[in-house]
Amino acid sequence: MKISAAAAALLSLAVPTATAWTAVPTSTSIVRSSSMSIRSPSLLQSTTVKDAAVEEVAAAPDTGAREFGVVNTNKLSKLYDLVVIGGGPAGVAGAIKAAQMGRRAIVIDKPKFDAGVLPNGLDLFFGGPTGLFSKALRDLAKTTNVAAMRAQHMDSDVIWKQITNGIVKLAMRNSEGQCRTLARYGIDYLQGSAMLLGEDDPANAVAEKKFAKDMDSPEDGLRSVKVTHTGVLDDYVGFVDDAEVTVTGTKVLVCTGSKSTRLPGIPFEESHRIFDSDTINLLGYFPRSVTISGLGIIGIEFANIFNALGVKDVNILVRGDVETSTKKLGMDMDVANELMRLLKKSGVKVLEGTSVSEFSYVPPPGADDEYIEMKLNDGSTMQTDLFFAATGRYPVGKNEETGLESAGVEVADRGMVGIDKKTLATSSKNVYAAGDVIGPPALASTSMEQAQRAVSAMFHEGDDDVTKDANHDDPLSIGVWTIPEMGYFGLTKEQAEKEGYSVVEGTARFDQCLRGRVFAPDGLCKLVVDEKEGTVLGCHLIGKEAAEMVHYGMALVKAGTSIFEILQTVYTAVTFHELFKEAALDANSKLDFGVEWQEIFAILQAECDVDFSEDYLREKFDSIDEDGSGELDEEEMRALFESMGRTVSKRVIFNIMRLSDTDGNGTIDFGEFKAIFDKIACPKDEE
């Protein structure tokens with residue numbers, strides 16, 4: 001079999017078990033511990049990337065030098081303003097924020113997977129979110145015609161090579177882009193294992209003496225980080241492999257992220273067939289069937305993606321029920337039901353009240369034609385080619401390698417680092433934390449904001465409080481990368497009612513706009529609306545581009561926009577945003593005082609010094625109701641308004657009567673009359 005030079009280099013880079021760099025790689029820096037099986041269990045093993053950049057890296061002579069993840073010892077020996085532990089979205093964002101504030105920063109990161117590091121030191125996963133692999137796989141699932149490839153009698157391993165080529169290219173572009181950005185800001189990036197040292201550690205005491213003259217107030221203290229298994233560049237001896245260095249900064253930002261929760265009873269040691277939300281990133285073969293445990297966001301995304309790739313047998317095992325699982329995610333039930341409908345329509349099976357009680361047999365590496373055999377909790381059996389445990393993630397705060405607890409950082413039992421919600425400072429002096437390690441919501445977007453807020457707080461020298469407007473528990477927009485996408489922000493109907501609102505919902509299906517009818521009819525847009533004021537409290541979407549559209553919904557909620565304003569907005573034709581107007585129209589139809597009342601209310605709007613109490617309104621109503629019928633006709637209504645010092649035109653009175661006269665008898669009673677004045681009365685000042 002012929003393989004390209006790039007393939008040879010990548011195949012030598014990735015092995016079925018651990019492949020470790022010992023700091024800066026030399027020609028003998030890669031340690032192999034087993035031989036390769038027929039079916040490639042690793043992402044890079046299944047890759048034959050012919051991208052020019054990869055071929056250049058792979059074919060270059062191994063000189064012992066690396067382009068990425070190595071720092072000169074002269075730089076490391078000087079004081080940093082910020083030392084960041086962790087190179088995910090939070091760590092990179094925090095370092096960039098520090099640089100933008102004129103501070104000197106370094107990012108220390110241990111590659112998540114040894115097999116993901118190229119010979120030039122580029123870590124394919126550096127700076128990327130946990131879901132980078134799934135997003136890339138999703139994109140390729142939408143653009144790769146697997147059925148056509150199979151029709152040409154292409155083998156599954158060849159098809160998977162095509163797919164993983166695309167994943168690796170995307171990952172390279174991301175990680176290279178992140179490294180270029182750091183370099184542009186003058187931020188150092190060092191690969192290695194970082195351990196935070198305590199304030200009283202001898203190495204930290206030495207650093208405080210060494211850098212005392214570099215600080216205005218030495219009593220403010222410093223924090224040191226020991227970095228092992230790293231590679232450094234020394235001006236005298238060149239590259240030093242497997243080095244150990246101490247890096248010191250005035251502040252430390254901990255962004256160590258999260259790891260997959262591994263439930264007992266699942267044989268994760270069989271890593272060629274059993275995956276979690278970390279190891280799935282290195283999937284090296286095209287599965288014939290997939291079983292996913294868990295109905296969280298990660299599990300839903302992968303079920304949808306594998307199905308889109310043409311895997312015919314995709315099962316989701318849900319220990320409880322769909323409603324409970326989706327409510328835990330803050331998902332609107334109509335959106336959840338639409339998701340389940342589309343999943344089932346596509347062939348995905350969702351098995352509620354189901355779990356695996358025993359893994360009876362897991363085929364050994366090389367037995368590619370065999371299946372995993374499982375016993376379920378109801379006594380039945382199931383076979384699958386791949387088992388994916390999407391059972392949640394936990395913060396990496398108790399990792400002994402990082403030394404957080406021994407350095408004085410308060411860490412909860414589940415590994416979550418305790419922080420001040422305004423500044424994100426930990427219990428240990430000069431140490432801050434952001435991202436997954438501090439717990440929910442554990443999203444890339446929020447992690448970046450947290451890191452930037454922490455850096456702003458630690459380095460701000462003015463008298464004003466840069467965190468005064470920060471609310472750590474603010475609601476967040478959620479995007480779920482299923483096919484089609486989901487997005488939601490704000491309250492569901494159930495949540496709004498629990499908070500004391502009386503609400504209506506406005507819903508529009510995607511086929512209610514021209515673009516949806518023509519290009520993507522599946523999906524819905526829902527607005528949760530305050531019945532009293534008509535303001536949007538929540539936006540919930542499923543359909544094409546929903547994860548983009550949710551940001552407009554978020555803007556509506558945050559601005560307190562009413563559906564009446566939405567109905568006056570002109571949206572570009574043949575766009576999905578027209579759905580917001582359709583949903584607003586639906587919500588309007590359910591209001592007692594919808595858009596058709598708004599101009600009338602503007603005419604009737606009272607001066608704020610007028611007391612429209614119930615007693616006052618009753619007195620005026622009864623004075624006009626001479627026959628005591630409890631109802632007023634059109635002429636009596638006009639006289640009533642005049643008695644209150646408010647002359648109203650005949651046409652306005654006519655339309656008030658028309659809109660209020662629900663029983664069609666041509667009159668209006670006191671309750672209907674009072675409801676109108678309740679709407680136009682000025683709100684009472686809150687004490």
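Read on for a plain summary of the structure. Residue indices follow the written sequence of each chain, beginning from 1 at its first position. Reporting of local features is limited, given that this is a predicted model, to residues whose pLDDT is at least 70; pairs of side-chain atoms are given and counted only at 80 or more, and all residues count toward the totals for whole chains, interfaces and linings. Computation of side-chain values: all heavy atoms of the structure, hydrogens and water removed.

1. Structural notes on the overall build of the chain
Our working definition: Counting from the N terminus, the helices are the DSSP runs of H or I reaching at least four residues and the strands are the DSSP runs of E reaching at least two. Between buried and exposed lies partly exposed: a residue is buried under 20% and exposed over 50% of the maximum accessible area for its type, with that area taken using a 1.4 Å probe on protein chains only. Contact between two residues is taken to exist if any of their heavy atoms lie within 4.5 Å; hydrogens are not considered.
A count of helices and strands for the chain gives 22 helices and 25 strands. Every one of the 687 residues in the chain was classed for burial, and the buried ones make up 51%. Taking as baseline every contact in the chain between residues at least 6 positions apart, the subset at least 24 positions apart corresponds to 68%.

2. Digging into the nonpolar core
Stated precisely, the cut-off is as follows: Only buried residues count toward a nonpolar core. Its members are Ala, Val, Leu, Ile, Met, Phe, Trp, Tyr and Cys residues joined through side-chain atoms within 4.5 Å.
By size, the foremost hydrophobic cluster in this structure holds 63 residues, and its most contacted members are Leu-76, Leu-82, Leu-196, Val-225, Val-247 and Leu-253. Ignoring sequence-local partners within four residues, the contact set of Leu-196 consists of Ile-85, Arg-223, Ser-224, Val-225, Val-252, Thr-402, Gly-403, Leu-404, Ala-407, Val-409 and Val-431. Judged by nonpolar contacts, the second largest core, of 48 residues, contains Val-290, Ala-336, Leu-339 and Ile-542.

3. Some remarks on the sheet that holds strand E23 (residues 536-543)
The strands making up a sheet associate through backbone hydrogen bonding, with each pair oriented either parallel or antiparallel. This is how the line gets drawn: Any two strands with at least two DSSP bridges between them are considered paired. Orientation is described by lines fitted to C-alpha atoms, with helices fitted over the stretch in contact, and by angles between N-to-C directions that extend from 0 to 180 degrees.
Ordered by their spatial adjacency, five strands build an open sheet running E19-E20-E23-E22-E21, and the pairing between neighbours is antiparallel. Strand pairing shows two members of the sheet lacking a second neighbour, strand E19 (478-480) and strand E21 (503-509), which therefore form its edges. Averaged over all adjacent pairs, the angle separating strand axes in this sheet is 10°, with direction ignored. Across seven bridges, E21 lies against strand E22 (residues 523-530) in antiparallel orientation. Looking at the pairing, Gly-506 lines up with Leu-527 of E22. Those strands touched by helix H15 (residues 546-558) are E19, strand E20 (485-490) and E23, and its axis lies near 10° from that of E20.

4. A closer look at the environment of Tyr-285
Let me state the cut-off plainly: The term polar contact refers here to a pair of N or O atoms within 3.5 Å; inside protein, the definition further demands a hydrogen-donor-capable atom paired with an acceptor-capable atom, and it admits residues adjacent in sequence only when both atoms are side-chain atoms.
Secondary-structure assignment places Tyr-285 in the loop between strand E9 (274-276) and strand E10 (289-293). Tyr-285 sits in the buried class, given a relative accessible area of 3%. As for Tyr-285 and Ile-159, which are separated by 126 residues in sequence, their C-alpha atoms are 9.2 Å apart. A polar atom in the side chain of Tyr-285 sits 3.2 Å from the backbone oxygen of Asp-385.

5. A short note on the environment of Asp-633
Along the chain, Asp-633 turns up in the loop between strand E24 (631-632) and helix H20 (634-643). Taking relative accessible area as the criterion, Asp-633 reaches 33% and is therefore assigned partly exposed. For the pair Asp-633 and Phe-654, spaced 21 residues apart in sequence, the C-alpha to C-alpha distance is 9.9 Å. Apart from residues lying up to four places away in sequence, Asp-633 is in contact with Met-657, Gly-666 and Thr-667. Polar contacts involving the side chain of Asp-633 include one to the main-chain amide nitrogen of Glu-636, which spans 2.9 Å.

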